[in-house]
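# Coordinate inspection notes
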Amino acid sequence: VWRGPPQPQRAPAVQAGFKPSADNGLYGAVWGSNVEFAPETKASSEIDVTVGWGGTLTDDWALDVNLTHYRYPSTTVDLDWTEAIGALTWKQNYWAQLGYSTEALATDEAGAYAQLGAKIPLGEQVRLEAAAGYYWLEDAYDDSYAHAQLGAVWAFKTPFELRVTAHATDSSAKTLFPGLAGSRVEAALQAAF
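Scope of this entry: the structure provided in the associated data block. All values derive from a computational prediction rather than experimental measurement.

### Digging into the side chain of Thr169
- Summarising the element assignment, Thr169 is placed in strand β10 (residues 160-169).
- Here Gly182 takes part through its backbone nitrogen, which lies 2.7 Å from a polar atom of the side chain of Thr169.
- Ignoring any residue separated from it by four or fewer positions in sequence, one finds Thr169 in contact with Gly4, Pro5, Ala146, His147, Lys174, Ala181 and Gly182.

Set out below in structure tokens:
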């Protein structure tokens, strides 16, 4: 589920990523997943390539800025696009994120995205995560939409985590993404090494 709507249209997704970083904060990352968009696109995979910098500003504040290229190698139409993203984090548990692209969602128009989020520890192994976002797509789609999510994460055995997240979008998202937007619950098992 990405910014509200699901990418593989309610089907299971297998995802993997690799992120080498340097001591000065510079990093590169590659992330991949199976996806499913409108049938005529024949989209079945997504590969994101990111270059950026992340580091602490003070004891409480951290910043991450990056350029992410979203690539869909299996499609019959050009769905590739690039976005600049910045995220400011406070005490590792609260964040504000901004994204901007001149080719939002593979259009020739600009779009901007904002998200506020929080992690709320409930103990050493369990935490809640909540986020709300807004995607300005007036130039590209003559509309914009909001979404929110609330999840519980259980770090039951290092390096594994189990998460269950409820997602919801507004009515504008349902117009923009028919059959995809709305309410749903997502479960995920992940590991970080």
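There is more to say, and it comes next.
### Quick word on a negative patch on the surface
- Taken together, the side chains of Asp108, Glu109, Glu138, Asp139 and Asp142 define an acidic patch exposed on the protein surface.
- Structurally, Asp108 is set in the loop between β6 (94-101) and β7 (111-121).
- Take Asp108: its relative accessible area is 74%, and that puts it in the exposed class.

### Overview of the pairing of strand β2 (residues 26-34)
- With four bridges joining them, strand β1 (residues 15-18) and β2 adopt antiparallel strand pairing. Looking across to β2, one finds that Ala16 is bridged to Gly32.
- Bridge analysis of β2 against strand β3 (residues 45-56) gives nine bridges, and the strand direction is antiparallel. Pairing of Tyr27 across the sheet is with Gly52, part of β3.

Conventions we followed
Residues numbered from 1 in each chain as written. Predicted model: local features only at pLDDT ≥ 70, side-chain atom pairs only at ≥ 80, totals over all residues. Heavy atoms only, no water. Helix = DSSP H or I, 4+ residues; strand = E, 2+ residues; numbered from the N terminus. Polar contact = N/O pair within 3.5 Å; in protein donor to acceptor, adjacent residues only side chain to side chain. Contact = heavy atoms within 4.5 Å. Patch = residues over 30% accessible without salt bridge, like charges linked within 9 Å, V, L, I, M, F, W, Y side chains within 5 Å. Areas by Shrake-Rupley, 256 points an atom, 1.4 Å probe, with all protein chains shown as cover. Salt bridge = Lys/Arg side-chain N within 4 Å of Asp/Glu carboxyl O. Lys, Arg positive; Asp, Glu negative; His and termini not counted. Charge placed at Lys NZ, Arg CZ, Asp CG, Glu CD. Buried < 20%, exposed > 50% of the residue type's maximum accessible area, 1.4 Å probe, protein only. Pairing = 2+ DSSP bridges.

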